[in-house]
Amino acid sequence: MRNFFQNQVLYQPVEQPSRFVLDESKEDDRSSVQSPLAFDELSELERLLRLSRRVVTMIGDTQHYLRGAHNEKEWSCFQNRFNNLKKEQSETVPLTLSYQAALGPNKLLVSASLAENEIIVGKIFSIDLNKDIVLKKFQLASQPEFGALLVFIDGIVDKRIIHQTILKPLISAQVASHIKLQGLMAKHIQEVIPNSRTSLIREFSALEGSINGGDAVLFIEGCEEALVIEVRGGKRRAVSTPQTEGVVRGSQEAFTEVLRVNTALVRSVLRTSDLITEMIVIGKRGRMQCAVMYIQSIANEKLVEEVKRRLRGISVDYLADSGALMQLIVDHPYIWFPQSISTERPDRVATNLTEGRIAILMEGNPFVNIVPTGFVSFLHSSEDSTLPAFYGSMIRYVRVIGAIFTTFLSAVYVALSTFHQEAIPTDLLLAIAASREQVPFPAVFEIMIMLIAFELIREGGLRIPGMLGPTIGIVGAIILGQAAVSAKIVSPLMIIIVAVSGLASYTIPEYRFGIALRILGFIFLILGSIFGLVGIAIGILLTTAILVNMKSFGVPYLGPVAPRADMGSDLIVRGEVTNQTRRPDNLNTKDPTRQPPNSRLWLNEDPSGNNK
């Protein structure tokens with residue numbers, strides 16, 4: 001009784017459940033992680049035990065078969081079971097198991113037993129946990145009947161194709177009884193399955209990548225090979241207009257996230273049998289397909305082999321984007337200048353392929369990277385070739401001026417107003433001094449504040465969804481600039497300089513190149529505020545030295561200017577179409593001639609039909 005009243009009167013802390021704390025004391029030991037395909041002694045014993053059970057069942061069925069009457073169909077089924085059991089027994093001899101263990105889990109071969117293949121697939125994909133892995137078992141319409149297993153992932157395949165081209169033909173078709181078991185799979189490829197993209201694979205590691213990639217895999221009882229059938233589908237974004245490379249004239253098609261669609265878009269623009277598409281798989285866990293496209297009769301063979309060597313030499317778990325892929329294969333990953341052309345336009349890819357470059361496409365990414373490239377290439381646009389030479393050159397001059405303003409305008413203003421006032425005209429100097437009379441901060445501080453604010457507005461406008469983003473960016477910039485001037489934090493001239501620098505960066509066609517120039521502008525701004533024009537000159541010398549030393553897949557980054565080579569008529573000045581006779585000299589293409597000197601052959605013809 002005393003304890004009862006004591007518990008009621010005295011305070012007792014409430015018991016709280018223990019909090020979850022991730023144990024970080026153990027070091028990461030990758031060697032302890034076992035593959036689901038691991039072939040140890042326990043798995044050997046389990047497989048032998050399953051084989052023994054099937055042998056016992058076969059002995060009982062044999063006794064029943066010998067005692068009773070039977071027809072030809074029953075005899076064929078009995079003989080088929082016996083042959084399959086004999087094949088499975090040959091796979092489980094100690095020498096074969098030891099050889100399989102020596103090869104490792106990545107070389108595990110498809111078994112002749114359908115039950116064993118089902119068990120292995122279940123271990124690979126954790127069927128007890130994964131609910132989107134479909135294992136469809138059925139009987140082939142053959143004499144004798146064979147069991148079959150179809151494996152695919154729901155959601156990334158086209159079920160209509162599976163039903164029409166796989167299940168319906170195999171269940172309803174009659175396969176001739178004289179076809180031997182060894183030739184059954186080839187028979188299905190040639191005559192039964194109406195799908196043009198099929199292949200035979202024996203290793204489970206390859207089958208795993210095919211299933212994860214959206215293919216269906218067909219196992220047949222007694223066959224030691226699996227049939228991979230392409231049935232990729234699901235909900236995908238359709239071909240739309242370019243979002244970041246809009247043009248007034250030119251193609252309005254853009255790449256999507258489907259690799260096969262992207263390669264088809266390039267082939268629809270560049271219709272030549274010399275266009276080669278090679279597939280390379282990257283990633284250990286998230287295996288992604290990459291396509292390397294080039295024109296065989298133009299591209300340099302050493303360049304092609306170097307690109308493929310670098311792609312095959314990547315060892316990562318997963319790559320989410322082609323931008324991360326390029327950081328792993330470029331020559332200078334720590335320099336912020338882009339070393340590949342990134343585009344979402346098939347026509348731009350086709351143009352660069354005809355010049356001897358190589359396109360790298362990645363599954364699940366709507367942007368294609370083109371290598372090698374140079375500094376001048378980022379000032380070119382796919383619209384330049386659709387305009388007359390005069391207009392195209394004028395637009396490129398505007399981009400050059402925009403690049404110069406983005407990089408140097410703020411730095412030069414700070415350097416002149418701080419260290420070199422004598423270089424400024426007197427009237428302009430008095431106007432600058434009057435506008436900054438009540439501003440308490442130095443020029444470098446106020447311009448740095450406005451540049452950072454401009455970058456915040458730019459980034460915020462990109463992250464706001466829909467059409468609201470650009471609107472808020474424009475309104476925010478106007479309100480922020482007006483408020484800063486009214487509060488005497490910055491001068492009106494500073495707002496003009498920051499606005500011109502920001503607008504000039506939008507003239508750069510390549511988004512990553514514009515970012516690189518803006519970063520370089522901040523560096524020049526710091527150098528100009530400390531050392532004046534001398535600091536800017538030192539920055540220019542260091543930047544030039546870095547760019548001269550850079551290479552993009554063995555090609556000089558500043559070529560054909562440094563080192564000097566045949567510049568052609570398409571560097572900064574856009575030459576006439578009739579003068580585009582040679583390909584870039586620094587690419588060392590197989591065929592350097594793009595077109596004859598006189599490409600307008602109609603000038604040599606008489607309009608009446610008689611040649612001159």
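Remember, predicted model here, so these are calculated numbers, not experimental data.

Procedures and definitions
Residues numbered from 1 in each chain as written. Predicted model: local features only at pLDDT ≥ 70, side-chain atom pairs only at ≥ 80, totals over all residues. Heavy atoms only, no water. Buried < 20%, exposed > 50% of the residue type's maximum accessible area, 1.4 Å probe, protein only. Helix = DSSP H or I, 4+ residues; strand = E, 2+ residues; numbered from the N terminus. Pairing = 2+ DSSP bridges. Contact = heavy atoms within 4.5 Å. Patch = residues over 30% accessible without salt bridge, like charges linked within 9 Å, V, L, I, M, F, W, Y side chains within 5 Å. Areas by Shrake-Rupley, 256 points an atom, 1.4 Å probe, with all protein chains shown as cover. Salt bridge = Lys/Arg side-chain N within 4 Å of Asp/Glu carboxyl O. Polar contact = N/O pair within 3.5 Å; in protein donor to acceptor, adjacent residues only side chain to side chain. Expected span 1.5 Å × (residues − 1). Core = buried A, V, L, I, M, F, W, Y, C linked by side-chain atoms within 4.5 Å.

Novice: Teacher, can you tell me more about the pairing of strand 7 (residues 288-295) here?
Specialist: It is a general feature of regular strands that their side chains alternate between the two faces of the sheet. Strand 7 sits mainly inside the fold: 7 of its 8 residues count as buried. In this sheet, strand 7 lies alongside strand 6 (residues 275-282) in antiparallel orientation, the contact comprising 8 bridges. The residue of strand 7 that forms the bridge with Val 281 is Gln 289. Here strand 6 hands over to strand 7 after 5 residues, with Gly 283 in that stretch at a positive phi of 110°. Sheet analysis places strand 7 next to strand 9 (residues 358-362), joined by 4 bridges and oriented antiparallel. Across the sheet, Cys 290 pairs through a bridge with Met 362, a residue of strand 9.

Novice: Sorry, what's going on with the environment of Ile 133 here?
Specialist: The residue Ile 133 is located in strand 1 (residues 133-139) in this model. For the pair Ile 133 and Asn 212, spaced 79 residues apart in the sequence, the C-alpha separation amounts to 9.9 Å. The contact partners of Ile 133, leaving out residues within four places of it in the chain, are Phe 125, Ile 127, Val 151, Phe 152 and Ile 153.

Novice: Sorry, what's going on with a nonpolar patch on the surface here?
Specialist: There is a patch of nonpolar side chains on the surface, built from Ile 526, Ile 530, Phe 531, Val 534, Ile 538 and Leu 542 and spanning about 580 Å² of accessible area. Elements with a minimum of two residues in the nonpolar patch: helix 18 (511-531) and helix 19 (533-549).

Novice: Looking at this structure, how should I read the side chain of Glu 245?
Specialist: Mapped onto the elements of the fold, Glu 245 is located in the loop between strand 5 (226-230) and helix 9 (259-269). Looking at Glu 245, its side chain comes within polar contact range of the main-chain nitrogen of Glu 344, at 2.8 Å. A distance of 2.8 Å separates polar atoms of two side chains, one belonging to Glu 245 and the other to Arg 348. Not counting chain neighbours up to four residues away, the residues in contact with Glu 245 comprise Ser 342, Thr 343, Glu 344, Arg 345 and Arg 348.

Novice: Explanation requested: helix 5 (residues 114-125) in the structure shown.
Specialist: For an α-helix the count is 3.6 residues per turn, leaving residues at separations of three or four pointing the same way. Taking 1.5 Å of rise per residue, 12 residues should cover 16 Å, and helix 5 covers 17 Å from first to last C-alpha, within 8% of that figure. A positive phi of about 50° marks Ser 126, the residue just after helix 5.

Novice: For this particular structure, what's the right way to read the environment of Phe 405?
Specialist: Within the secondary structure, Phe 405 sits in helix 13 (residues 389-418). Spatially, the C-alpha atoms of Phe 405 and Ala 504 are 6.3 Å apart, while their sequence positions differ by 99 residues. Once residues lying within four places of it in the same chain are set aside, the contact partners of Phe 405 are Val 500, Ser 501 and Ala 504.

Novice: Got a minute to help me understand the nonpolar core in this structure?
Specialist: Most often, soluble globular proteins have nonpolar side chains that are buried together. In terms of nonpolar packing, the biggest core is built from 35 residues, with Phe 337, Val 349 and Leu 353 touching the most fellow members. Only helix 9, strand 7, helix 12 (346-354), strand 9, strand 10 (368-371), helix 13, helix 18 and helix 19 provide two or more residues apiece to this core. Here Phe 337 is in contact with Phe 375, Phe 513, Ala 516, Leu 517, Leu 520, Leu 547, Met 550 and Tyr 557, once residues within four sequence places are set aside. Membership of the second largest hydrophobic core comes to 23 residues, among which are Tyr 294, Ala 299, Val 304 and Leu 311.

No statement about biological role is implied by the geometric values presented.
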